Every structure is written in structure tokens, then in C-alpha cells.
Amino acid sequence: MPEPTIVLGNYPEGYEAAKELLSHIPEENRDAYLRAFLQILMTQ
Amino acid sequence: MGILQERIQLVRDATNFKKTSRIPTYSNYWTYMVLDAGYLLSDALYDYDKMYHAVTRFVEKYNFDFYNYTGGRNPFRVTDIFQANRYMIDDERGAFNIQDHENMSGDEYVELAKDPLKFMWETLVPRKAKLMNAPNSLELFVEAVKEYDLYTQFTSRVAKDFIEKYGIPQKSSQSLRGPFDTFFSHMRGIKGLSIDMRRNPEGLEQGLAAMHEYFGLDAQTETFINNPVGPNAIYGGSTAFLGHSICSPKQFNKYTWEPYMSKWLDICVEKGKQFTIFSEAQITTFADFFQDVPKGVLMIQPEQDDLFELRKLLPNVALCGGMTTVSLGLKSVGEALDLAKKLVDELGSNGGFIMGQNKMMTYRNDAKPENILAVQEFCEAYKP
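Points about unusual backbone geometry
And then number 1: Each neighbour pair has its own omega, and for Tyr11 of chain A with Pro12 of chain A the value is 10 degrees, a cis peptide bond.
And then number 2: Mapping Pro12 of chain A onto the fold places it in the segment before helix 1 (13–20).
And then number 3: Residues other than glycine seldom take positive phi values, yet Asn63 of chain B does so here, at roughly 60 degrees.
And then number 4: With respect to the helices and strands, Asn63 of chain B occurs in the loop between helix 4 (48–62) and strand 2 (66–67).
And then number 5: Asn63 of chain B gets classed as partly exposed once you look at its relative accessible area, which sits at 44%.
And then number 6: A positive phi angle is found at Ala281 of chain B, which is not glycine, with a value near 55 degrees.
And then number 7: Relative to the helices and strands, Ala281 of chain B resides in the loop between strand 7 (275–279) and strand 8 (298–301).

Notes on the side chain of Asn371 of chain B
Residues and elements named next belong to chain B.
And then number 1: Along the polypeptide, Asn371 turns up in helix 17 (residues 369–381).
And then number 2: Residue class for Asn371 comes out buried when judged on its relative accessible area of 1%.
And then number 3: Within the local environment of Asn371, its side chain forms a polar contact with the backbone oxygen of Lys331, the two atoms lying 2.9 Å apart.

Considering the interface of chain A and chain B
And then number 1: Between chain A and chain B, the residue contacts involve 26 residues of the former and 37 residues of the latter.
And then number 2: Together chain A and chain B conceal approximately 3,000 Å² of surface at their shared face, both sides included; 72% is due to carbon and sulfur atoms.
And then number 3: Summed over the three residues of chain A that lose the most area to chain B, namely Tyr11, Met42 and Gln44 of chain A, the buried surface amounts to 26% of that side.
And then number 4: Our enumeration of links across chain A and chain B arrives at 0 salt bridges.

Criteria and thresholds
Residues numbered from 1 in each chain as written. Chains lettered and ligands numbered in written order. Predicted model: local features only at pLDDT ≥ 70, side-chain atom pairs only at ≥ 80, totals over all residues. Heavy atoms only, no water. Helix = DSSP H or I, 4+ residues; strand = E, 2+ residues; numbered from the N terminus. Buried < 20%, exposed > 50% of the residue type's maximum accessible area, 1.4 Å probe, protein only. Polar contact = N/O pair within 3.5 Å; in protein donor to acceptor, adjacent residues only side chain to side chain. Contact = heavy atoms within 4.5 Å. Buried area = accessible area lost by both parts, 1.4 Å probe. Salt bridge = Lys/Arg side-chain N within 4 Å of Asp/Glu carboxyl O.

Set out below in C-alpha cells:
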């Protein structure tokens with residue numbers, strides 16, 4: 001059976017995949033970056 | 001003393017009810033800046049160079065001492081990628097609006113409280129950002145990150161130039177918000193939250209506790225206690241009140257005053273800091289709460305309140321605002337100046353007043369440029 005596609009909105013798989021895509025952000029700052037990004041999508 | 005430090009001291013002194021050499025001025029102009037520069041909203045909101053020009057042109061033309069809006073709201077280039085944008089831009093009217101909305105239902109507090117990040121990431125935000133579950137959502141994320149980084153470069157550029165090029169201070173060192181306003185504006189909406197306060201207060205309490213933890217509000221309070229006011233900021237702390245507009249005094253006490261606002265003000269008194277509140281709707285209903293705040297600690301920027309009546313209730317609180325859209329947008333220069341003089345004479349003759357506007361100035365007709373300039377020149381020259 002093929003692996004299900006990971007989409008951004010899956011948690012934790014999509015969240016972790018997004019973290020991997022943030023190669024330009026130091027690893028220790030990626031959670032904070034994603035939370036700020038989520039905040040933008042939620043509030044703006 | 002450079003202009004930056006001069007402005008910081010001027011506003012602090014006015015907040016402290018000290019007579020100042022001139023009346024400080026505050027800009028509550030938002031997308032009006034874009035329209036005043038001759039751009040369409042749909043242009044400038046998607047073009048950071050145009051937005052930068054609109055903001056800096058406004059600064060150079062009107063020369064306020066500090067600003068509520070510096071061009072960084074509504075990063076549509078980011079939110080559009082996920083179809084997360086709920087705003088409707090009307091270029092003909094020069095306006096954009098948002099409807100009241102619910103991103104979570106009233107029976108989801110338990111799920112939220114179990115794991116707020118999981119709930120928001122998987123459930124709440126995808127209701128708004130529809131493409132978060134699209135097959136190509138990770139590719140969209142890569143695009144959105146590039147746009148988000150451009151957006152933060154723009155806001156950083158404005159922030160840097162405000163301080164270094166224009167000598168304009170930041171309003172505060174630290175912005176503090178309790179979670180109730182987040183439920184009001186972004187999670188349950190006006191109608192949903194009003195219902196929850198009556199019919200599901202336990203669920204709401206669970207949700208508030210979970211978001212308090214999620215936002216790290218204890219750590220933010222520790223920072224507020226321990227960190228000094230930054231060198232480029234006027235106030236130690238600031239907040240905005242929106243959700244209070246659906247609260248009774250008892251509810252305001254329960255959700256905002258007791259857990260947050262009173263504590264922040266106590267910290268200010270203990271640490272010698274000043275605090276400012278941007279209050280939408282009206283705050284007069286809750287004036288009692290602020291009556292014992294020592295004079296000089298707090299500045300409130302009200303929206304719908306009558307400042308003259310509010311001053312009678314709160315002679316201990318500095319006020320900012322007063323110029324109405326009617327006076328700025330419809331009246332003659334002379335009539336606008338009559339109001340400006342009345343405000344200064346009755347509210348600011350011995351400090352305690354900062355000239356500002358009574359709402360977030362948005363539409364072209366909210367103000368005539370000549371009226372804005374006249375009031376600015378008046379504040380520069382008038383000695384009450």
C-alpha cells in the first residue's frame with residue numbers, strides 16, 4: 001500500500017516536514033519560526 | 001539630546017502629567033497612509049516598496065512623534081498562498097473589511113486544551129488557510145516562507161529607519177496580550193465568544209488556560225518584570241483591548257483585569273515603568289478598574305469614549321486621541337483647530353494629554369491633509 005502523502009496540515013508529520021524545509025533557519029529557532037508563521041496564518 | 005530621545009522624554013513627561021515644551025502627537029493612521037500617497041490598497045498591500053514609500057512619505061509630511069501603524073499589518077502575500085486571506089479589499093471605496101468569523105466551534109475547547117499546537121496546526125488554521133491540506137502544500141510552504149522572509153525584511157527595514165533615519169521611538173518595549181482577545185479576534189469570534197461566556201464558561205476557562213501556556217505568558221511576565229525599558233522605546237509595556245467590548249465589568253475582571261492587566265500595572269508601579277493601552281470600542285464602562293493606578297503610570301488611547309468625560313472619571317490616567325474623523329475629515333481647518341485647542345486646554349494644560357485621533361484612520365475621507373498638517377503645526381507651537 002503506498003505511503004500517504006504528507007501535507008502541511010498533518011500534525012506532527014506536516015509540522016516536522018515543514019521544519020526540515022527551514023534549512024536557512026538555525027535548528028533551535030525553527031519551532032519559534034513555525035509558531036510565528038502559524039500565528040500569521042491564523043490572525044492576518 | 002537627539003530627536004529620538006527628545007520624543008521619548010516628551011511622551012513620558014506628558015504621561016507623567018508634567019507640563020511639556022510642546023504637545024506630543026501620535027499617529028493612529030493606518031491604510032490612510034496608502035491612500036494619501038495616491039496608491040490603490042491592492043497595489044501597496046502587495047508591494048513592499050510602495051508600502052515603504054507610503055509610510056515614509058506620511059512620516060516626512062506630517063511628522064508625528066510616534067506611530068501605531070508602520071506598514072506591517074496584513075501580509076497578504078503570505079496568507080494568499082494558502083487562501084487564508086479573509087479580508088475584502090474595495091479599491092473603489094479605499095477600504096478593506098473583514099467579517100466576524102469562527103475558526104473553532106464552542107465544543108472544541110477540550111481538544112484545544114489537550115494540545116493547542118496540534119489543534120491549531122491540524123484543525124483551526126486549515127479551516128482558514130484552506131490549502132494547508134492540499135497535495136502540494138509543502139511546496140506552497142516553501143513559497144510562503146520566502147514571502148514571509150520578504151515581509152520580515154520589510155518590517156525590519158521600516159523599524160530600523162524609523163529609529164535611525166527619522167528619530168521615531170517605538171511605542172513600547174514589550175507588547176503584552178491576554179488570550180481572551182485571541183479568542184475574540186481569531187478563534188471564536190464576537191458571536192461565538194459571547195455565547196461561550198454565558199453557556200460554556202468552563203470550556204472557555206480551559207481554552208484560556210491552554211492558550212496562556214501556549215503563548216508562554218508566564219515567561220512574558222517574567223521578561224516584563226526583569227527587563228528594563230529598551231533605549232528606543234517610550235513605554236515599558238503596551239496592550240490592546242478589543243474583547244472587552246463584549247464583556248460586562250464582571251467578565252472584564254475575570255478574563256482580563258484580574259489575571260493580566262492588574263498584574264502588569266503592579267509591575268509597572270514596582271519597577272517604575274509606564275504602560276499604554278490601545279482601547280477599541282469604549283473603555284468608560286471599566287473606568288473604575290483604573291481609578292487607583294498611580295498618576296503617571298498609565299496612558300490610555302480610547303476610541304469611542306468622550307475624552308472629556310473619561311478625564312473626569314480618570315484624572316490619574318494620561319489620555320491620547322481626541323481628534324475625530326468629523327473634525328479632521330469634514331470640518332474646516334479653523335474648526336479642526338478649535339477642537340485641538342479645546343483638547344489641549346482642557347486635558348493637557350499640565351501634561352496628561354497626547355494629541356491623536358479617535359479611531360484607526362482608514363478611509364480617504366477620514367481626514368483632509370490640510371487639517372492634519374494644521375493640527376500638527378498647532379501642537380508644535382501652542383503653549384497652553
